[in-house]
Each structure stands twice: as structure tokens, then as C-alpha cells.
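In case you want the letters, here they are:
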Amino acid sequence: MSSANYAVKSGAGKLAFTLPTAADVTVIEPRTVVGVPDPVAEVEQALGAALAQGRLRQPGRTAITISDATRPVPNHLILPPLLAQLHARGVRDDNITIIVGTGNHRPATQDEFPNLVGADIARRYRMLSHVYDDPAQLVRLGTTSRGTPVGINRTFVEADTRIVVGMIDPHQFVGYTGGCKGAFIGLAGEETITANHSMLSDPAAKLGVCAGNPVREDMDELTDFLSIDLVINVVLNTANEVVRIFVGDPHDVLAAAVPLVQEVCETAVPDPMDVVIASPGGYPKDINLYQAQKALAHACELVRPGGSVILVAECREGTGDDLYEAWMAAAETPQDVVTRFEREGFRMGAHKAYLFARSMLKARAFLVSSGVPPDQARKLHLMPAGTVEDALATALQDADDPPRIGIMPRASSTIPRILAPAHI
């Protein structure tokens, strides 16, 4: 049987595979968009326009929160112009703190700081990592209209000027990242993240939808309790190049950026797939299974019920969460995970098991990974495979002839849509 060659990212490299030429193959990925020729100038222009509107009227003690290593935010392009503007307004080095907003991820280590911001910035400015389960780091600000207790990093709250740096990307239940999320989740305490993310099972908590999404709208209430002087959000293309920078009020930034992200990331296909081969997009989006799960969820938007998803993810840091791993290992079936989650209520880490299991109720989930051993993958109810071809040999046994195979090279940044059937 003749075959055709394909490849998707895995970690920092690529994983090549072949598919039978008789298969009906569709590549589903974000639209190709050229990055700006001078990203630093793009940052300076967007920053200058926002500052001309008086966004930093009283610079003093300044806290800047950035994303952790799970997000490919180009801080090396964003921070130098920002810091230069702060210094031009009289802010001293010792009045600036850069906080790595980890959410409920592991804290960033000092050794990682230079990789996140550049060696010169890491050496010159005070840097710290948020720790979500350290009560001493938090200030309680109030409760949202949906009952979420708002506890935010003390250093950020007590600053005179608060700045959020991050990116806008599709999100499986927040709709889109960006805006307030870098502070509301990135710098939040365990109670805040738990209460907010507990709404993920709401039918309105959807990929690529902000309006009416309770998770998104809940976090957007942060500005009712705490002013954010400046949000700097970047939209990246498939090569992680800067397409556009949005700077200003968190709500205005999100509203302006989402149409562009939709234009880039939404892809329509006419029919469901028998098999979807999905990569999160390489490192850092496949740093662990905890992050790679998003690709599985996005792929399940395309696969037919009972079909298969082949998740290609390096997972150099393994599973990424002990509780997620424990919940999956303790269950006999994915349905057991869903039932337990619905019975016991929301817990961080356990929610990732629920999200995995929810996808597995729709499709068989194969895993091609160098970072997760086969025995461990089986405990997580994933079907390990040494190669994509090995997984396909099983996945295609009950597929149509010719089989419909989708390839999602950047699944975590793709919003797939099945076109509605035409009325006859």
C-alpha cells in the first residue's frame, strides 16, 4: 500500500509518520499569518499609544506579572520597551518586581528566570514566583457575583502600578486566555482557582466562546476589586512570531484581540473524522500531560463518536500533576472518573482527570510520547504507542473505507468547527 509522509511537532523537534494515500486526509490548523517584520517596534508603538492615553498616571512600586514556562510569551521582546518606559517615568530598578504567574502550576525556580525574561533582566530586577497554596502570599479582596472568593498575590495587590503581560490563545473552557486571566488565575490562590474552574462543566464554558461563559465572565470581575493599569497581550502565529500586540485596559484588550484570534485559529471541516492525529504544537505546550490535555480536548471536537485521537506529546516533565495521576490510576474506567468528579465536586488536579475522562468517553485516546512510559500511560487510561503508525494500525480497524483522518499540528491553538449539514 502506498503512503504519504507527514510530521508534527513533539517537544523541540518533529515526529514524522506516514499515512496510506488511500486515506481521506485533512490538515486542520490555524491560518498562516505572517509575523510583523519588527516585533520590538510593534511593541513600542502599541505601548506608546496606550501610555499616551494616561494608562500609567502614577508610577511607583510596580508589579509586572508574566506567564510561566508553559506559555511561549516573547517576554524578551515585550519587557525591554516596557521597562524603558517605566524608567522614563522615574521608576527605579528597586521599585520594579516581576512575578511569574504560575496559577496552580509548580513554582518557577530561580534558575528558570533567565529563560523566561533574559539574563540581563533577571539579574537587574527583583523576580519571584507566585505560589498558589501559600496563604502568606495572598490578599483576600472580596467575592465575585458567582461566589468566587478573590485572593490575589500580595506583592501584586500592594503595588502602585499593576501590569499583566501574556498572550491570547484559545482555551477549552475559558473561551480565550488573555485579559484579566494572567492575574485572576496566574496570581490567584487555591480557593479562587478552584471556585472559578469549578464552572468548567457548565455547558456554556466552551472553547472559543467568551460571551455568556461563566468561567470567563467570573474572572473578568477581577477589575471590580483591583485595578489593572496595563495589560499587554500578544497574538502569535504558528511559528510563535508576533502577529499583533494589544495594550491597554484588560477588557478592551480582550475585546479587540478575540476577533483576530478567531480569524487565525478557527478552522471549519465538512465532516467528523474517524481518527485525529493531534500535537499540542511542541514545547512548551506539550511540556507535560497536564498541558497536552488541551490538544486532546480540541481534537475531540472533530472526531466522530467512537473514533480515535492519537495524541503526540513529548511530555518531558511527565504527567505534570500528582492528583490528576492518582485519580486516573484509581479508576477502572473513564466513566468512573466522571462519576466521582460529579459526586465529590471540583478539586484542582482532579479536574484535569475529569477533562481527560470526558474526552475518552467520546473517543479512544492513544499516546505517542517519549516522556510517559507505556505502563504509566495505561494507568492513565491512555493507549500507549511507539509510533503514530502503531496507533493507526489499531485505530483504523473500525474506520470507514477510505478512512477520514485529520491532522492537527497545533491542536492547542486550533478552534475546530464541524460545518452544519446543508438542509435538503
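Everything below is about the structure shown above.
Residues numbered from 1 in each chain as written. Predicted model: local features only at pLDDT ≥ 70, side-chain atom pairs only at ≥ 80, totals over all residues. Heavy atoms only, no water.

Enquirer: Explain the packing of aromatic side chains here, please?
Expert: Remark: the centre distance and the inter-plane angle together describe each pair of aromatic rings, the angle taken between the planes. In this structure the tally under the stated criterion is five aromatic pairs. Their ring planes at 20 degrees and their centres at 6.1 Å tell us that Y6 and F17 sit as a pair that is stacked. With Y6 in strand β1 (residues 3-10) and F17 in strand β2 (residues 13-20), this pair connects stretches of sequence that are eleven residues apart. By relative accessible area, which is 2% here, F17 ends up buried. Ring geometry for F341 versus Y354: centroids 4.4 Å apart, planes at 20 degrees, classification stacked. In this pair, F341 is assigned in helix α12 (residues 334-344) and Y354 in helix α13 (residues 350-360), connecting sequence segments 13 residues apart. Under the relative-accessibility criterion, F341 is labelled buried at 6%. R316 extends its terminal NZ or CZ atom over the ring of Y283, reaching a point 3.9 Å from the ring centre. Seen from the ring of Y290, K352 lies directly overhead, with NZ or CZ sitting 4.5 Å from the centre. (Phe/Tyr/Trp six-rings, centres within 6.5 Å; stacked < 30°, edge-to-face > 60°. Helix = DSSP H or I, 4+ residues; strand = E, 2+ residues; numbered from the N terminus. Buried < 20%, exposed > 50% of the residue type's maximum accessible area, 1.4 Å probe, protein only. Lys NZ or Arg CZ within 6 Å of the ring centre and 35° of its normal.)

Enquirer: So what exactly am I meant to see when it comes to the packing of helix α11 (residues 322-330) against α13 here?
Expert: When two helices pack together, their arrangement is captured by the angle between the axes and the distance separating the axes. At a minimum axis distance of 7 Å, the contact between α11 and α13 shows a crossing angle of 45 degrees. Classified by the angle their axes make, α11 and α13 are oblique. α11 and α13 meet at a crossing whose hand is right-handed. In this structure, α11 uses L323, Y324, W327 and M328 to contact α13, whose residues at the interface are A350, K352, A353, F356 and M360. (Axes fitted to C-alpha atoms, helices over the stretch in contact; angles between N-to-C directions. Parallel < 35°, antiparallel > 145°, perpendicular 65-115°, else oblique. Left-handed = near helix turned anticlockwise from the far one by under 90°. Contact = heavy atoms within 4.5 Å.)

Enquirer: How should the sheet that holds strand β15 (residues 273-278) be read in this particular structure?
Expert: Adjacent strands of a sheet form backbone hydrogen bonds with each other and so pair up, either parallel or antiparallel. Taken in spatial order, the six strands of this open sheet run β3-β19-β15-β16-β17-β18, and their pairing is parallel. The sheet is open, and its two edges are formed by β3 (24-27) and β18 (383-384), each paired on a single side. As paired strands, β15 and strand β16 (residues 303-312) are joined by five bridges and run parallel to one another. Residue pairing in the sheet places V276 in a bridge with V309 of β16. Packing of helix α10 (residues 289-299) onto the sheet brings it into contact with β15, β16, β17 (364-368) and β19 (404-408), and relative to β16 it is tilted by some 145 degrees. Against the sheet, helix α15 (residues 388-395) contacts β15, β16, β17, β18 and β19, and its axis sits at roughly 160 degrees relative to β17. (Pairing = 2+ DSSP bridges.)

Enquirer: How should I be thinking about the nonpolar core in this particular structure?
Expert: Note that soluble globular proteins tend to have their nonpolar side chains buried in a common cluster. I152, F156, L222, V276, L289, V309 and L382 are the most contacted members of the largest nonpolar core, which totals 89 residues. It is helix α9 (residues 250-265) that contributes the most residues to this core, eight residues altogether. If sequence neighbours within four positions are ignored, I152 has contacts with Q137, L138, V139, L141, V157, A183, F184, L187, A188, L222 and L226. Formed by 38 residues, the second largest nonpolar core is a distinct cluster that contains L77, I98, I121 and I245. (Core = buried A, V, L, I, M, F, W, Y, C linked by side-chain atoms within 4.5 Å.)

Enquirer: For this particular structure, what's the right way to read the pairing of strand β12 (residues 230-236)?
Expert: Regular strands show a simple pattern: their side chains alternate between the two faces of the sheet. With respect to burial, β12 is a largely interior element, seven of its seven residues being buried. For strand β9 (residues 161-167) and β12, the ladder comprises five bridges, and the chain directions are parallel. Opposite V164, over in β12, you have V231 as the bridge partner. Where β12 hands over to strand β13 (residues 242-248), the hairpin turn is made up of five residues, of which N240 adopts a positive phi near 60 degrees.

Enquirer: How should unusual backbone geometry be read in this particular structure?
Expert: Most peptide bonds adopt trans geometry, and most residues besides glycine take a negative phi value. At the junction of Y283 and P284, the peptide bond is cis and its omega measures out at 5 degrees in the coordinates. Along the chain, the position of P284 falls in the loop between β15 and α10. Phi is positive for N240, close to 60 degrees, though the residue is something other than glycine. Residue position: N240 is located in the loop between β12 and β13. Residue N240 is classed as partly exposed on the basis of its relative accessible area of 38%. At C315, a residue that is not glycine, the phi angle is positive and equals roughly 60 degrees. Along the chain, the position of C315 falls in the loop between β16 and α11.

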